[in-house]
Amino acid sequence: MVRRSSGLTARLGLMLGAAFGICFLTGVLSHYIQHPPGWFRWPSRPVQLYRITQGVHVATGLACFPLLTAKVWSVYPKLFARPPVRGVLHGLERLSIALLSGAALFELVTGLLNIAYWYGAMPFGFIGAHYWTAWLAIGALLLHVAVKLPVARQPVPAPDKAGRRSVLVLAAVTVGVITLAFLGQTVRPLRRVALLAPRLPDVGPQGLPVNKTASAAGVTRVDDGYRLTVVGPDARHALTLADLDQLPQYTVSLPISCVEGWSAGAEWTGVRVADLLKMVGGNGRVRVDSLQRTPGYGSSILEPGQARDPLTLLALRVGGEPLHLDHGYPCRLIAPNRPGALQTKWVSGLTVMST
Amino acid sequence: MRLFLAAAGLAAIGYGAYGWLFADGSKPVSQLLFLGAVLIGHDFVVLPLAIGAGALITRFAPARARRPALAALAISGAVTLVALPFVLGKGRIADNPSAFPQHYGRNLIVILAAVWLAAGVAALVHKRR
């Protein structure tokens, strides 16, 4: 029958620790890609890498919910142990466990609220809070492992093993149900059973989900007055949509990979950013500006290598049709191995930067 | 090994605490209240409710249905928790139908029905054996 034991707690702790380690690494990676420190470089290959790391980040975070609850359940009577504090060291240990559970729950709940867009429930900025609390959680986790390592290494008595097994099987089944209910948002074959997925990879204008709509970006219509300005050290061009259509067109198959864990592949057709950059010279980073009027992801930076990657396009079409306004008409950036928030839409200009 | 883990842990906690206190836009008081609320909500509301419901099942369910019902209870609780923000739909955006395109309340009921159906079948199979 189901029973608590230190062997069970250790095994749940191992699973949860591994899951939090994965969430931490993939999360810090995603944060650095979007807010790069000076030393950080992110390659444009493999093409699908960010799609996978961020899909894993969100799926693993969702899987942590039942694991964390099971872990706390397995030691629940200890929460009410008497006396509550048996000295300074014990007090510090209890404090570190409170920090660990609090920071871990903070990460899981804010992550869930973020993929549900329920920002009203978070009276602080999600990105900064989720990032900095991740360091608290991983730090408290390492400290907890340091304290508990001898307990976790103790042999498990036979009667405990049977009880442990049924709880672990139940935890695994619960993780499986939650994973199946969400994973179809990024793994298309599972789409039919993804009953709780916040996005479906084929639902949206032109069969592709949208994160920020044109009206949310303050872009109402784009008329014949549209010009794409391309600026570099040697020249400055203002191109009409017809000019862009005259340039050599390329078709690439690249995913939109959202930081919220959903992704969808599509066939994009348009002009190589490298071809546009050749017209104006320079070999530095490139700023991509947008017609977007509202704050937040209104422009992005392309690293020198990614800007000149043959797969990096200013896409005019998706699936053979001109872009829907919500997908960034008249043209959008689409580059390999790049978070969706940085695939700037309604592009108005490319500027080669001097440094 | 343990000393190294502890030192690395303390360093990471220090870095996180620095960010909480001094990073641009950080709201340490609101964040601390939120952290306290989710911690208390989990440890003193969600878990006691689950343990209480489990105790009721153990007390009143027929012996052969006990284990399947306890398992179904645990799965139902976890799935309902992660589904809740989508069922409530506070984040829905009127002009973006591709965000949250499903009927999450109905779908949650479908999942729960499947879980309890499976538990029922498990109890019946157990009886025949």
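Computed from a predicted model, the values in this text were never measured in an experiment. (Residues numbered from 1 in each chain as written. Chains lettered and ligands numbered in written order. Predicted model: local features only at pLDDT ≥ 70, side-chain atom pairs only at ≥ 80, totals over all residues. Heavy atoms only, no water.)

Engineer: Describe the overall build of chain A, listing the residues and the values that go with them.
Structural biologist: Looking only at helices and strands, chain A has 8 helices and 10 strands in total. Overall, the C-alpha framework of chain A stretches about 75 × 45 × 35 Å when taken along its three principal axes. The buried share of chain A, reckoned over its 355 residues, is 53%. For chain A, long-range pairs separated by at least 24 residues make up 69% of all intrachain contacts whose partners lie at least 6 apart in sequence. Surface summary for chain A: the accessible area is close to 15,100 Å², and the carbon and sulfur share equals 63%. Here chain A holds 34 positive side-chain charges and 17 negative ones, and the gap between their average locations is 16 Å. (Helix = DSSP H or I, 4+ residues; strand = E, 2+ residues; numbered from the N terminus. Buried < 20%, exposed > 50% of the residue type's maximum accessible area, 1.4 Å probe, protein only. Contact = heavy atoms within 4.5 Å. Areas by Shrake-Rupley, 256 points an atom, 1.4 Å probe, with all protein chains shown as cover. Lys, Arg positive; Asp, Glu negative; His and termini not counted. Charge placed at Lys NZ, Arg CZ, Asp CG, Glu CD.)

Engineer: Requested: an account of the interface of chain B and chain A, with residues and values cited.
Structural biologist: It is common to give the size of an interface as the accessible area that goes away when the parts come together. With 56 residues of chain B at the interface, the matching set in chain A holds 70 residues. When chain B packs against chain A, close to 5,300 Å² is buried across both sides, 78% of that on carbon and sulfur atoms. Across the contact surface, chain B and chain A share 0 salt bridges. Put simply, chain B and chain A have 15 residue pairs in polar contact (both at pLDDT 80 or more) between them. Elements that contribute at least two residues to the side of chain B that touches chain A include exactly helix H1 (2-22), helix H2 (28-60), helix H3 (63-88) and helix H4 (104-128) of chain B. (Buried area = accessible area lost by both parts, 1.4 Å probe. Salt bridge = Lys/Arg side-chain N within 4 Å of Asp/Glu carboxyl O. Polar contact = N/O pair within 3.5 Å; in protein donor to acceptor, adjacent residues only side chain to side chain.)

Engineer: Before we move on, could you go through the packing of aromatic side chains and cite the residues and values that matter?
Structural biologist: Under the counting rule described, the total for this entry stands at 23 aromatic pairs over all chains. Aromatic side chains Phe106 of chain A and Trp20 of chain B sit 5.9 Å apart centroid to centroid with 50 degrees between the ring planes, which places their arrangement in the tilted category. Residue Phe106 of chain A is found in helix H3 (residues 88-115), and its partner Trp20 of chain B is found in helix H1; the two belong to separate chains. Where Tyr117 of chain A meets Phe100 of chain B, the ring centres are 5.3 Å apart and the plane angle is 90 degrees; that geometry is what we call edge-to-face. Residue Tyr117 of chain A is found in the loop between H3 and helix H4 (126-152), and its partner Phe100 of chain B is found in the loop between H3 and H4; the two belong to separate chains. Residue classification places Tyr117 of chain A among the buried positions, given a relative accessible area of 10%. Through successive ring pairs, a cluster of aromatic residues spans Phe24, Tyr131, Trp132 and Trp135 of chain A together with Tyr15, Tyr18 and Phe22 of chain B. (Phe/Tyr/Trp six-rings, centres within 6.5 Å; stacked < 30°, edge-to-face > 60°.)

Engineer: Outline the pairing of strand E7 (residues 313-318) of chain A, listing residues and values.
Structural biologist: Residues and elements named next belong to chain A. Judged by how many residues are buried, E7 sits mostly within the fold: 5 of 6 residues are covered. As judged from the 2 bridges shared by E7 and strand E8 (residues 321-322), these two strands associate in the antiparallel manner. Pairing of Val318 across the sheet is with Glu321, part of E8. Hairpin connection between E7 and E8: a loop of 2 residues separates the two successive antiparallel strands, and Gly319 in this loop has a positive phi of roughly 55 degrees. (Pairing = 2+ DSSP bridges.)

Engineer: Break down the sheet that holds strand E5 (residues 286-290) of chain A for me, citing the residues and quoting the values.
Structural biologist: All names here are of chain A. Judged by pairing direction, the sheet is mixed, and its 5 strands sit side by side in the order E2-E1-E10-E5-E6 without closing on themselves. Of all the strands in the sheet, the pair left with one neighbour each is strand E2 (236-239) and strand E6 (299-302). Sheet twist, expressed as the average angle between the axes of neighbouring strands with direction ignored, equals 15 degrees. Where strand E1 (residues 228-231) lies against strand E10 (residues 347-352), 3 bridges are found, and the strand directions are parallel. (Axes fitted to C-alpha atoms, helices over the stretch in contact; angles between N-to-C directions.)

Engineer: So what about the nonpolar core? Which residues, and what values?
Structural biologist: Formed by 79 residues in total, the largest nonpolar core has its most connected members in Leu62, Trp135, Phe182 and Leu196 of chain A together with Val79 and Phe86 of chain B. No other element matches H4 of chain A, which puts 13 residues into this core. The residues contacting Leu196 of chain A, other than those within four sequence positions of it, are Ala181 and Phe182 of chain A together with Val79, Ala83, Phe86, Gln102, Tyr104 and Ile111 of chain B. One finds Ala217, Val230, Leu239 and Ala307 of chain A within the second-largest nonpolar core, a separate group that totals 27 residues. (Core = buried A, V, L, I, M, F, W, Y, C linked by side-chain atoms within 4.5 Å.)

Engineer: Please set out H2 of chain B residue by residue, giving values where relevant.
Structural biologist: Given 3.6 residues per turn, any residue in an α-helix points the same way as the ones three and four places further on. Along its 33 residues, H2 of chain B runs 46 Å from first to last C-alpha, staying within 8% of the 48 Å computed at 1.5 Å per residue. By the largest-angle criterion, His42 of chain B marks the main kink of H2 of chain B, which is about 35 degrees. For H2 of chain B, the set of buried residues is Gln31, Phe34, Leu35, Val38, Leu39, His42, Asp43, Leu47, Gly54 and Ile57 of chain B. Contact partners of the buried residues in H2 of chain B: helix H2 (49-74), H3 and H4 of chain A together with H1 and H3 of chain B. (Expected span 1.5 Å × (residues − 1). Bend = angle between axes of the 7 residues up to and from the residue.)

Engineer: Now, about a nonpolar patch on the surface: what can you tell me, with residues and values included?
Structural biologist: Together, Phe80 of chain A together with Ile40, Phe44, Val45 and Leu49 of chain B make up a nonpolar patch on the protein surface, roughly 510 Å² of accessible area in all. Position of Val45 of chain B relative to the elements: it lies in helix H2. Among the residues examined, Val45 of chain B registers a relative accessible area of 46% and is labelled partly exposed. (Patch = residues over 30% accessible without salt bridge, like charges linked within 9 Å, V, L, I, M, F, W, Y side chains within 5 Å.)

Engineer: I'd like to hear about the pattern of salt bridges, residue by residue, with values.
Structural biologist: Two side chains that carry opposite charge are able to pair once their charged atoms sit near each other. Residue and element names in this part refer to chain A. In total, this model carries 7 salt bridges over all chains according to the counting rule given. The salt bridge involving Arg45 is made with Asp309; its shortest N-O contact spans 2.6 Å. Placement of Arg45 in the loop between helix H1 (6-34) and H2 and of Asp309 in the loop between helix H8 (304-307) and E7 is noted, with a sequence separation of 264 residues between them. Where Asp275 meets Lys278, a salt bridge forms, and the shortest distance between an N and an O atom there is 3.7 Å. With Asp275 and Lys278 both in helix H7 (residues 273-278) and 3 residues apart, the pair spans about one turn of that helix.

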